[in-house]
Structure formats: structure tokens, C-alpha cells
Amino acid sequence: MAKNTANLTSSQEEELGGIFGDRVNFSKRERHFYCHDVGALPSMAKMMLGNTDPAAIVKLRTEDDIVKLMGFARKHSIPVVPRAGASSGYGGVIPTKGGIIADVNLLNDIISIDAENMTVTVGAGIVWERLEKKLNEKDLSVCAMPSSAPAATVGGWLAQNGIGYGSYEYGWSQDTMVSARAVLPNGEIRDFTGDEMDSLIGSMGTVGIITQITLKIRNKEDTASISAEFANPESLQKALQAVATEKVPLWSISFINPDWAGMKNEMPFSTHHGETVVEDRPELPKSYICNFIYPESRDVSALENIITSNGGKVLSEDISRHEAGEWFRSMKVKRLGPSFIPAEIIVPVDKVGKVFNEIKAKIDLPVLIEGMVEKNGNVILLCFIPHSERFFKFNLAFTLGISIVKIAEENGGRIYASGLYFAKEAEKVYGDRLKKMLALKQQVDPDDIMNPETISGKGILKAGISMSKAFEPMMRFVGNRSGVGEETFKKQKDIPADIVSHAYTCAQCGYCVEECDQYYGRGWESQSPRGKWFFIKEYLAGRDKMTQEQVDTFLACTTCELCDHRCQLDLPINDSWMTMRNELVVERGMMTIPPFEIMASSLLKERNIWGEYLKNREEWIPEDLKPKIKDKAEYAYFAGCTASFVEKDIAEASVRLLTDAGMEITYLGKEESCCGIPMLAAGKWDVFEKIMRMNIENMKKKGVKTVITSCPACWLVWDTFYRQWAEKLGIEYDFEAKHYSQVLQDKLDVLSEKFVTPLDKVVTVHDACHMGRAGGIYEPPRDLIKSVPGVELREMEHNRAEGHCCGSVLTLVADPAIANVVGNMRLKEAEDIGADIMVAACPCCQVQLRIAAEKSGSPVDVQDLSATVARCMGYDIPDTTNTALTAWVTFDQMIALLKPENMTDLMVELLPQMMGAMPAPLRGMMKMVKYVPGMDLMMKPMMPIMMPMLLPSIMPKVMPDMLKAVEKRVQMSDDMKEQMPDLMPQSMENLMPNMLPQIIPLLTPRMIQYIKEDM
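Residues numbered from 1 in each chain as written. Predicted model: local features only at pLDDT ≥ 70, side-chain atom pairs only at ≥ 80, totals over all residues. Heavy atoms only, no water.

Novice: What's the story with a nonpolar patch on the surface in this structure? I'm lost.
Specialist: Nonpolar side chains collect at one region of the surface, where Met-467, Phe-471, Met-474, Phe-477 and Val-478 lie side by side and expose about 510 Å² of accessible area between them. With respect to the helices, strands and loops of the structure, Met-474 is situated in helix 18 (residues 472-479). (Patch = residues over 30% accessible without salt bridge, like charges linked within 9 Å, V, L, I, M, F, W, Y side chains within 5 Å. Areas by Shrake-Rupley, 256 points an atom, 1.4 Å probe, with all protein chains shown as cover. Salt bridge = Lys/Arg side-chain N within 4 Å of Asp/Glu carboxyl O. Helix = DSSP H or I, 4+ residues; strand = E, 2+ residues; numbered from the N terminus.)

And the structure:
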């Protein structure tokens, strides 16, 4: 039998690592992020489950990978638990016996589309939303999909089996699937078709790992919807029955109860950068609201009469449009939770009214209910009871879910799925399929390696649930008296109250995961937004610690805001991580990403992050442009650091276009400072404030009303952050900010007469996050490039609000190798559409994408938008690609140097100087290591105490030698070399207190060796 495996042995880790390389993770910290699914279990249930951390996580790419993993698992009797979107709440991905998490998300290809037979074959790890978008490009569509389509995978829906949108016409997930392919625990790769599929449907990864699925598809057609309200569930039921009787050709039917409608009305508006975004959303009647969805071509004229004749009322088109937009946002109401007690049941449509009434009569706490109707006359009811997992009462109220299940059973229904928690209900759920499933498992997995206990159940938990069901009336009596009212949050463990609230509110649905560049760049759950929310809960509960590694995880977020765009709860994720930066770096004094310390020193000394002299800031201006830049004007061009010192083509081209368009502009010149956003992102908010004050004051001296930027980050700072900080600090602020493309969009009639050279290229636009999702500026760059003769503009797969991040700044500075992964994904999208040029309207995006292109050999030419347009107007704008790549080498090498292992090497080189700088008595004591047995063992625990005490006095003495050692490792311009004596000391002073704990374990043995051999 599969063994309980909380940890692998060192030899097992070595063996597994030899097979999968960097696609296996043994980190104890990382493993903890894979111990749960979307469900928030009460503390007593968690105790019954015991330790659910896996022993390893393996990311699988191919069936051969899975065969190898199965061989390893059989050899060592180690459990294997398949995991994809983890978007269900039945415990199917929880490793109750430890073992190995088999992450199948990389099995996500579209293998083939057969338009003739109307099928598509896909990797099981593909997310429904992505599959639908790809099919839509060919005017095709899936038949049905789960309500969690932005996160759920095709394989997961087969392994779970369920009902979703389209199930009224097409039935259960299994009804839309033609065949499946799986790797079985014995290493066999088997295809399943027809009745053989019964062994896989709903198996929750207990009989093998599904790798491919062939689905039925349909022709794409726009859908329409009609929403109706019903005063009571009986009227709703009659309407549903009448729709079936009269065979109204609907595609999907869903509905919500009055409690759900009421909470939707109470939902707070979303916020963006801390400011409320007022949405035009209709007030829903607090009734039973049913949404009837159908392809536009179908005749559903009988529907309105059915609604009214059964006591209903057709709602406005505004409501039906709004409800259609909420298809995949079922968990949105959790925003008011913060926790939910779930119960999912299936009941016959003719018992819907009775079930609703019994739930209302027997459950005293509010119950939010969403329903979906499937074609065979059954209705799935997703029930949520708002509560708070932070209270012990959550344990008592949780049993009300069992009461709801019992109501369903008494009315000819059942629980929706069994899984880990309701294993005793497996026969009711699976029917005759259970025997087939168990027979296959016995045949191919006699040792129960595959996801043990998921179908059979965990003894103590199964007993606990059985007891709760047996004593349901008494448990219901207690549960009904276990409400907690409205939850309030306070600052806890230095985590601000609003972030505490968001952490518990997060639905863990995974909508934020797939498109998060921090996640797909690294591939591990800890890096995803939901992973960070999970960590905060664990930290607050005392089950995890705020280590430097976790701080780095918060800091490495690129601030692209795509998670905000995708979050179905509208949580202000980006703003929360920005707040955490300040809390962790400024308030707690933890380490920022090390290169930011060098940037901060350069910024405070020379007002830029590139280590260049301030006196050279305006060297980008050609002589013929200088007379066109006024000393004072209402419009000011703000170049920013990268355009001033590295990609000077951006600054020159921007100003040429602005002046040619008739704009009268001024410029701060040597008085311009970095906008400060790198310091805001690095958590060094004190530095940001100093820079902000200088820039605001200098703009006022120039009489400026509107600041025009070429850098989206600079735009965001002037448009939003400076304004907000000025209000907070009592500084007068009356500036408008615009990106140059916005200004030129209104001047295209003037510019269009000045083009002299057609481009004759296929061009695509990279949407910069800091003016796209951050500011909604999408069309101005497109209008500008489209004005150039000979341009064929093509859109990448991900564009505008869904555009992928380039991976710049935070990821590029934190981990250049990961930035290349992220950048290459963007370049690949451009290659896929045949783009010759990718234009970026952002200097930082351009640097990052050029670096990624150089590393990967991408044929796509990354160019600046303004420079491309200006060249076609006849200007000789230099290509700065080589300049950018050369400038980046310095930072690339500095980033590498500041890694703990490389800093250790540097300090080992400086050991003679360091030892010489120590007080003589201490130096003499250290020499005793050579002569006194066991002295080296005593020295090891002393070093973490001694080094922080000694370093402040040692560092100034060894700094000249340190600078020479740095010069050997980092290629620097002459200007930077001159400045390093000023930049390095302050940077090291800030870094070393936090970096030493990482360096000392590496340095101590080498220091002891040096003392023994060379002193």
C-alpha cells in the first residue's frame, strides 16, 4: 500500500530531481501552498485531515514524464495526487497521505481541431476560457463549460464531472466528451471511449492521470439572454417545467435566490489605486432571478408568455446584460463573507420549490443559492452560507451544509459530488459507474498509489461526517445559533486591516493564476496572487513565518495589474502588494530587492537609477531641437531616466513629434529627477517622497499645467501617485498628466502631412501595463502607428486589458532569467501573428523585450513607437538597441553579484582585508581554530552573532578593496566607476543587516578553512 509520505529521503529527492530537474520542488515552504483547494475548512475538520503538505511537487509536460513519475511512485510506494486548476472544493487535490503533487497544468496544448466531425482534442491541463477563445478564432465554440471556466481545466471537469453553462442543452461534462487518454498507475497509457469512459468520469485522479480529451464542439454563435424575476420558488419551478414541456430551445438556464440578489446589490464598487470605480450596474429585485440564455438565431418567442403565465416578470435588458456579464463571477458575493459554508446538491426540477422552502424553514442563517438546470430535468443548487472561518462558531455552523444535503436526499436528490469529504455518498453519486471505477483501480493500482482516500474517504473524517448526519437535527439546532454577524478586521501582526480582510475574502478560485506573469515565469503556487493571500492567512494563524524569501515574493510582483482585471471578487490585489512593500521594507526594515539599493543611492545622489551623472541628463537633445523647447510653458515633457540616459531615441522622437504637431513645451533638464516609481515598488517610500517633492516643485517653477511623458510608469506617477501623495502630505497639486500618444492622437491630421517614408511592415503593439490596465490608454498608440503609411497592424492574442506584461523592472531586477521567460512569451505572440516589428510605448518594456529577444534570438524587431513614427517622417533617429543591451550588462552583472552565493565569493576574496581590519584580540582568538580541537565547531554558532556586530567597523576599512573586487565582476561605464565610492558604502550599509543571515552559513566554513590554511 502507498505509504504516508510527508518527506522524501535524500536519495529519493536526488532520484526524482535527476528525472525532472528544475520542474520538481522539495521546498518545505513551497509544498505548503499545495495542501488545500478552494474550500475553507473549519479547524476541527483540518485536525481530522492531519498534515496535508505533499513531500514534493512535480510539473509534468508529457505522457513520458507521467510514466516516469508512476514508475518512481510504484518503486517507493509513494502516493501521487494529480492537480490542475484546484478550482473545486471536494478535496480531490488534497494530499492526505503526503506524497507527490503531479501538476498537469503544462499539458495544455490544443492538439487538433476537427471542424468536419466537430471535435477538438486538447491536453487535459488546458483552461476552459483559453480553449473557448482559441475555438472562437475559428468561429467554433465548446458545447458547455463550468462556471469556473477562467480557472478550471478540461481534464479537471471530467475528473470531477459536473454541470455548467450549456448543460441545459448538452448535459453533464461527460456528455460533451467523446474520448479520453490517461496514464495509469501501472505505467500503461490507455485510450478510453464509449462505456470505457465510465471508469474515468468523476474519478478525481484516483485511477490515473488524464492527459488528453476529445470534446464535442459547435459552431460559434452570439448568445442572447432574457432575465426574469419570480416572487417565490414555486413560480420559478413551474416556469422551468413549462420551458421543458414546450421545448423552448435554450442553451443554458441559471438562477439565484433573493438572498443572493440582495447581496449582489450590497457589493462594494471596485477600487483602482485606492479610488472607487463607480460602475453603472442595475439594482436587482430581491426575488428569484432566472436567466434564460440562447443562441440569437433561435426562436424563443414562447418564453415571455411562459414567464408571465407562471407569475414571473421579464426584467429590463440592462439587468439581463449585467447578469450575462456575471456568468463566471459566482463567488463575487464572497466579498461580503468573508468565508462561505458550502453545500452543492442536485434535486429534480419538480422539487425545486419544496427544497427552497425547506431550506428557508430549517436553516436560520442566510443561504445564498445559485441554480443551474441540466437537460435531464435535474437542477444543481450551489448553496453558500456567509460566515467567518476565524471564529470557532465556524465549526458549528459548518454542519448546516449537511442539513442542506439531507433536505436534497429527502426530496429525491443527492449531493453533487462525493470526493474526500462525502465518501460514504459515493454510490449515490456514481451509481453503476462506481463498480467500474473501483474495478479498474484494483486492476491497475492495487497498492492505492493514485490519490488515496479521495474516493474511499479518510477514516476519522468520514466517521465525523457520518455522526453529524446521524445527529443532524441536533447539529442543525446548534448550527442555527452559530452566526457571527458582520465581520470587522483590525491590523494584525503588522498586516493592515484591509489586507487581512482581503486575505480571508479571497475565494482561492484561481482566476488570477494562469495569466499572472510572476506565476507563469516561475511556475510555483507561492508566486501567484492566490498563493500570497493564502500565505497571509497562514501567517496570521501562526502556521507560517514572514521570511525574507516571502518578502521577495511580494516584491517580485511586476505590478502589471492583470490579477486585478481577472479577480472575480474585484479585490485590489496590486494596491495590496504595494502597501505590503512599505510595511515590509520601511516599517519592518526587511530587505528590498538588492539592486534597488544601488538605484536608491544613485537616485539620491544624481536623481536617476542608471548610475549616470545628473549633468548629462539633457544630452539627448539635438542642437536643432533646443530652440524649440521653451523655458516656461503650460506643457512640459518629462523624459524619465531610461529615455534620458539609455534609449535616447525615445526622448528625441517624442519631442520632435510633439513640436511638429504644434505643441509648445518646456523641459526640466538638469532639474528633472526620476519619477520615483522604482522606489515605490521597492518599498523605499521615504526616497520616493523626496524625489516627488523635487519634481513637483520644479514643475511649478516652469508654470506647467500638463505633464507629457513617454514612459507609462512616469505617466502613472504624475497622474495618480503624486496626486494622491500630495493630498496626503498637504502639497498643492494641480497637474494633468498625459502620455505623448494621447496628445498626438488629437494631432494626427497635422502629422499625417509630414510622412515621407512608408514603413511597409507588419506591426504589433505591446500594451504597457502602467498605462493600459493602469490608465485605460489603449487606442492612442494604435491610432498613432496606424497613421504611418504602409503599416499593417495585427493584434497579439493577448492585447489591451488582457495584454501580457513584458516582465520588466521588478522581475528583471529580481530575477533576469525569469524575466526572459516572461518576455519570450510576449515575443512568441508577436512571432505567431507574423509581426516584423513590435512597437512599445514604454522605455522599460522596450529594454526588457530587447534583452529577451537577444537571449532567445527572436526575429521580432522591438522598437519604440515614437521613434518608428519619427523615422517615417524623415528624421534620422538612431537605433538604441545596442546601447540598451550594453547598459543592461552592468545591471545584469550587479544583480548576479548581489546574490548571496556570489556575495559570499566576493567576501572570501576579501578575507585577508577583513581579518586584518578586525580588532587584534579577536583576530588572535580566531587563529586558535588552527590549534585548538573543536574550536571550529564553537565558531560556527558564534558567527551569526559576531558578524553583524563587527561589520560596521570593518566595512569602511575594506571598502576600497571591495570596490576593486566589484569592478572585476561588473562591467561599468567610466561615470559609474567614478561614482561607486559614493554609491556602494550606503548600499552595503542598508543591505548587509538583512543579507548577512543568507551569507553567513555560506561564508563561515570557508572562513574557517582560510584561517586554518592561510593565517
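Novice: Looking at this structure, I do not really get the pairing of strand 24 (residues 706-709). What am I missing?
Specialist: If a strand is regular, its side chains alternate between the two faces of the sheet. Of the two faces of strand 24, the one lined by Thr-706 and Ile-708 and the one lined by Val-707 and Thr-709 are each fully buried. Here four bridges tie strand 22 (residues 635-638) to strand 24, and the two strands are oriented parallel to one another. In the sheet register, Tyr-635 faces strand 24, and the bridge partner there is Thr-706. Direction of pairing for strand 24 relative to strand 25 (residues 736-739): parallel, over a ladder of four bridges. Looking at the pairing, Ile-708 lines up with Lys-738 of strand 25. The handedness of the strand 24 to strand 25 crossover, carried by helix 30 (residues 712-729), is right-handed. (Buried < 20%, exposed > 50% of the residue type's maximum accessible area, 1.4 Å probe, protein only. Pairing = 2+ DSSP bridges. Right-handed = clockwise from strand over helix to strand, strands pointing away.)

Novice: Please clarify how the packing of helix 39 (residues 900-909) against helix 42 (residues 935-969) should be interpreted in this entry.
Specialist: Two quantities define a packed helix pair, namely the angle between the helix axes and the distance between the axes. With their axes 9 Å apart at the nearest point, helix 39 and helix 42 run at an angle of 95° to one another. Relative to helix 42, the element helix 39 is oriented roughly perpendicular. Residue-level contacts link Asp-905, Leu-906, Met-907 and Glu-909 of helix 39 to Met-947, Leu-951, Met-962, Ala-965, Val-966, Lys-968 and Arg-969 of helix 42. The class makeup of the residues in the contact of helix 39 with helix 42 is seven nonpolar, no polar and four charged. (Axes fitted to C-alpha atoms, helices over the stretch in contact; angles between N-to-C directions. Parallel < 35°, antiparallel > 145°, perpendicular 65-115°, else oblique. Contact = heavy atoms within 4.5 Å. Nonpolar A, V, L, I, M, F, W, Y, C, P; charged D, E, K, R; others polar.)

Novice: Help me understand the packing of helix 42 against helix 43 (residues 974-1014) in this model?
Specialist: One way to put it is that helix 42 packs onto helix 43 with a least axis distance of 6 Å and a crossing angle of 140°. Taken together, the axis directions place helix 42 and helix 43 in an arrangement best described as oblique. Crossing geometry of helix 42 relative to helix 43 is assigned as right-handed. Split into classes, the residues belonging to the contact of helix 42 with helix 43 amount to 23 nonpolar, one polar and five charged. (Left-handed = near helix turned anticlockwise from the far one by under 90°.)

Novice: I tried to follow the pattern of salt bridges on my own but got confused; where do I start?
Specialist: Pairs can form between side chains of opposite charge once their charged atoms are near each other. Scanning the model with the defined rule gives 63 salt bridges in all. One salt bridge connects Arg-181 with Asp-191, and the closest N-O pair in it is separated by 3.1 Å. Here Arg-181, found in strand 8 (residues 177-183), pairs with Asp-191, found in strand 9 (residues 189-193); they are ten residues apart in sequence, far enough to count as distant. Residue classification places Asp-191 among the partly exposed residues on the basis of a relative accessible area of 45%. Where Asp-879 meets Arg-850, a salt bridge forms, and the shortest distance between an N and an O atom there is 3.9 Å. Separated by 29 residues along the polypeptide, Asp-879 in the loop between helix 37 (865-872) and helix 38 (881-897) and Arg-850 in helix 36 (residues 843-856) bring together distant segments of the chain.

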